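Topology and contacts: notes
In case you want the letters, here they are:
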Amino acid sequence: NEYLYFSGSLILINLIAAIGLQLLIGFTGLLSLGHAAFMGVGAYTSALLVTKWGCPFILSILAAGLVASLLGIIVGFPSLRIKGFYLMVATLAFQFVIDYIIIHWDSVTRGIRGIELPTPHVFGISLEKNQTYFVLLFILTIFLMWGAKNITRSKIGRAFIAIRDNDVSAEIIGIPIFPYKLLSFSISAFYAGVAGALFAGLLRTAIPEDYTFLHSIIFLAMVLVGGLGRLVGTVFGV
């Protein structure tokens, strides 16, 4: 049933994005209301690379993640000097800036019309059917979940948790807080960018209304429902 595979694909794409937000909020304790904006950056990066420069779909996914990650660092650099509610407001501002750019930079993003994508291919295999696309997403989701699990168990993950629990104590024991916060923002944005590229590939289009503030709220709800600091809980939250 193609509809069931399509629904399964939506779940996996949202899971990839939610894992990134879980690393930021659940493990590092940084509130964000701009996660959907990073997805939008990834979606439009992939769409432009595929349609204008003929980039292979799989490479456009990686590029989308890297561009979103770079933007995460740029946004995080001034934003992370504040924390709590004020950080949340700063990321909210970023969300609305990206919304405005996507809609009004018509010469690049085609405004509210969006960008239509051709049927994606990976290593010569057509992803026209939802079943084939679902298989690709399942493999990528397992890989990205494994990567996130390893991050949380590593020195980086322990530093994230220390910062979340008490950033002053973390700094006293020698953890450089600001670089680790930037790293968390960057990794979270990378996951969102990858999810955005995959979402655009699934729908064969990148349109502004898929990456609005409401979607950022939905991702936040997924993470909160699943439980903060629990990757397995994120699956059920999604």
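The notes below deal with the structure included here. Computed from a predicted structure; not experimentally measured. (Residues numbered from 1 in each chain as written. Predicted model: local features only at pLDDT ≥ 70, side-chain atom pairs only at ≥ 80, totals over all residues. Heavy atoms only, no water.)

**Side note on the overall build of the protein**
Note the cut-off: Helix numbers and strand numbers start at the N terminus; a helix is a DSSP run of H or I with at least 4 residues, a strand a run of E with at least 2. Two things to know: the radius of gyration comes from C-alpha atoms, and the globule rule equals 2.2 Å times the number of residues to the power 0.38. Working definition: with a 1.4 Å probe on protein chains only, accessible area under 20% of the residue-type maximum means buried, over 50% means exposed, and in between means partly exposed. Two residues qualify as a contact provided that any one of their heavy atoms is within 4.5 Å of a heavy atom in the partner residue. Where accessible areas are quoted, they stem from the Shrake-Rupley method and a 1.4 Å probe; at the residue level, only the protein chains shown are allowed to cover. Lys and Arg are tallied as positive, Asp and Glu as negative. Neither His nor the chain termini are counted. Charge placement uses NZ in Lys and CZ in Arg. For Asp and Glu, CG and CD serve respectively.
Secondary structure summary: the protein contains eleven helices and four strands in total. Taking 2.2 N^0.38 as the reference for a compact globule, 238 residues should give roughly 18 Å; the C-alpha atoms of the protein span a radius of gyration of 17 Å, in line with that estimate. Counting the 238 residues in the protein, one finds 53% classified as buried. Contacts in the protein between residues far apart in sequence, at least 24 positions, make up 78% of those at least 6 positions apart. For the protein, the accessible surface area stands at approximately 11,200 Å², while carbon and sulfur atoms represent 70% of it. Each charge class in the protein was averaged separately, 14 positive and 10 negative side chains, and the resulting centres sit 10 Å apart.

**A short note on the side chain of S32**
Using the following cut-off: Pairs of N or O atoms within 3.5 Å make up the polar contacts considered here, provided that, within protein, one atom can donate a hydrogen while the other can accept it, and that residues adjacent in sequence are counted only when both atoms are side-chain atoms.
Looking at the element boundaries, S32 is found in the loop between helix 1 (2-27) and helix 2 (35-53). Within the structure, the side chain of S32 is placed 3.3 Å from the backbone nitrogen of G34, a separation counted as a polar contact. Excluding anything up to four places from it in sequence, S32 contacts L21, L24, I25 and T91.

**Regarding the packing of aromatic side chains**
To keep things clear, this is the line we draw: Planes of paired rings set the category: under 30 degrees apart is stacked, over 60 is edge-to-face and the rest tilted, where pairs are Phe, Tyr or Trp rings (Trp by its six-membered ring) whose centres lie within 6.5 Å.
A full pass over the atoms with the stated rule returns eleven aromatic pairs. Pairing F38 with F185 gives two aromatic rings, centres 6.3 Å apart and planes at 75°, and the pair type is edge-to-face. Placement of F38 in helix 2 and of F185 in helix 9 (residues 177-203) is noted, with a sequence separation of 147 residues between them. Across the pair, exposure class does not vary: F38 and F185 are buried alike.

**Side note on the nonpolar core**
To be explicit about the condition: By nonpolar core is meant a set of buried Ala, Val, Leu, Ile, Met, Phe, Trp, Tyr and Cys residues that side-chain atoms within 4.5 Å join together.
Membership of the largest hydrophobic core comes to 72 residues, with the highest contact counts inside it found for I13, M39, Y191 and L198. Of all the secondary structure elements, the ones that give two or more residues to this core are helix 1, helix 2, helix 3 (57-79), helix 4 (85-104), helix 6 (130-153), helix 7 (155-165), helix 9 and helix 10 (213-226). In terms of residues, this core owes the most to one element, helix 9, which gives 15 residues. Once you skip the residues sitting within four places of it in the chain, I13 turns out to touch M39, L137, A195, L198, F199 and L202.

**Comments concerning the packing of helix 1 against helix 6**
Defined as follows: Angles run from 0 to 180 degrees between N-to-C directions of axes, and those axes are lines fitted to C-alpha atoms, restricted for helices to the stretch in contact. Should an angle fall under 35 degrees it is taken as roughly parallel, and over 145 as roughly antiparallel, whereas 65 to 115 is taken as roughly perpendicular and any remaining angle as oblique. Should the near helix be turned counterclockwise from the far one by less than a right angle, the crossing is left-handed, whereas a clockwise turn marks it as right-handed.
Two numbers describe how helix 1 lies on helix 6: the axes approach to 9 Å, and their chain directions differ by 15°. Looking at the two axes, helix 1 sits roughly parallel to helix 6. Here the hand of the crossing between helix 1 and helix 6 comes out left-handed. Counting all contacts with helix 1, which are made through E2, Y5, F6, G8, S9, L12, I13, L15, I16, I19, L23 and F27, the residues of helix 6 involved are N130, Q131, Y133, F134, L137, F138, T141, L144, M145, A148 and T152.

**Topic: the side chain of S9**
For S9, the location among the structural elements is in helix 1. You can call S9 buried: its relative accessible area is 0%.

**Observations regarding the packing of helix 2 against helix 4**
Two packed helices can be described by the angle between their axes and the distance between those axes. How we decide: Any residue that is not Ala, Val, Leu, Ile, Met, Phe, Trp, Tyr, Cys, Pro, Asp, Glu, Lys or Arg is counted as polar, Gly included; the first ten are nonpolar and the last four charged.
Helix 4 packs onto helix 2 with a crossing angle of 30° between their chain directions and a minimal axis gap of 8 Å. Regarding the angle of helix 2 to helix 4, the classification is roughly parallel. For the pair helix 2 and helix 4, the sense of crossing is left-handed. In contact with H35, A36, A37, F38, G40, V41 and Y44 of helix 2, helix 4 contributes F94, Q95, I98 and I102. Broken down by class, the residue content of the contact of helix 2 with helix 4 amounts to eight nonpolar, three polar and no charged.

**Regarding the pattern of salt bridges**
What counts here: Any Lys or Arg side-chain nitrogen found within 4 Å of a carboxyl oxygen on Asp or Glu counts as a salt bridge.
Under the defined criterion, the tally for this structure stands at two salt bridges. A salt bridge links D106 to R113, with the nearest nitrogen and oxygen atoms 2.8 Å apart. Classification of D106 by relative accessible area gives partly exposed; the value is 37%. Two residues, D165 and R164, come together in a salt bridge whose shortest N-O distance is 3.1 Å. Classification of D165 by relative accessible area gives exposed; the value is 55%.

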